[in-house]
Amino acid sequence: MELVDGEDLTQVLTACDMTEPQMAAVTQQSLLALDHLHAQSIIHRDIKSDNMMVSIATGSVKLTDFGFGAQLTQEQGEYKCRRQFDSCQLMSILTTIFF
């Protein structure tokens, strides 16, 4: 798992005014992260600014807190949601998500 030296997006927004290009970059990175998860049939289920870490050094955005996350599985043509991840599954997911 990667250590992000920064603050969550809520703290960043409280401390300073973001420019439009900065907001666009945060939005783009957040959507790319979600696209990556959804391509693996993973849903986060708790998207909010508190769960987005912004790196002080690079400005990169990382999606955090997968406590409500779930893996979708397809059964008989319908998607089913496996409730939540156990600790081992969560660590596996977090160490393989690169965005």
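A brief report on the enclosed structure follows. This structure is a prediction, so every number in the text was calculated from the model and none was measured. (Residues numbered from 1 in each chain as written. Predicted model: local features only at pLDDT ≥ 70, side-chain atom pairs only at ≥ 80, totals over all residues. Heavy atoms only, no water.)

## Observations concerning the pattern of salt bridges
Heads up, the condition is: When a carboxyl oxygen of Asp or Glu is within 4 Å of a side-chain nitrogen of Lys or Arg, the pair counts as a salt bridge.
All chains considered together, the criterion is met by 1 salt bridge. For Lys48, the salt bridge identified is with Asp46, shortest N-O distance 3.9 Å.

## Describing the nonpolar core
Taken as a class, soluble globular proteins show a tendency for nonpolar side chains to be buried jointly. Condition: Nonpolar cores are built from buried Ala, Val, Leu, Ile, Met, Phe, Trp, Tyr and Cys residues. Side-chain atoms within 4.5 Å join them into one set. Type-normalised accessible area, obtained with a 1.4 Å probe on protein chains alone, sets the label of each residue: buried when under 20%, exposed when over 50%, and partly exposed for intermediate values. Per the convention used, a helix needs a DSSP run of H or I reaching at least four residues, while a strand needs a run of E reaching at least two, with both numbered from the N terminus. For this analysis, residues touch if any pair of their heavy atoms sits within 4.5 Å.
Counting 13 residues, the largest nonpolar core has Leu9, Leu37 and Leu63 as its most contacted members. Elements with a contribution of two residues or more to this core: helix H1 (9-15), helix H2 (20-39), strand E3 (52-55) and strand E4 (61-63). Sorting elements by how many residues they give to this core places H2 first, with 4 residues. Sequence-distant contacts of Leu9, defined by excluding residues within four places in its chain, comprise Met18, Val26, Ser49, Met52 and Val54.

## What about the sheet that holds E4?
So the rule is basically this: Being paired, for any two strands, means DSSP has found at least two bridges between them. To get an axis, fit a line to the C-alpha atoms, keeping to the stretch in contact for a helix; angles then go from 0 to 180 degrees between the N-to-C directions.
Reading across the sheet, the 3 strands line up as E1-E3-E4 and stay open at both edges, with antiparallel pairing between neighbours. Both outer strands of the open sheet, strand E1 (6-8) and E4, are each paired with one neighbouring strand and no more. Each adjacent strand pair in this sheet contributes to an overall mean axis angle of 25°, direction not counted. Examined bridge by bridge, E3 and E4 share 3 bridges and lie antiparallel to one another. Note on E4: the bridge partner recorded for Met53 is Lys62. Together, E3 and E4 form the strand contacts of H2, whose direction differs from that of E4 by roughly 35°.

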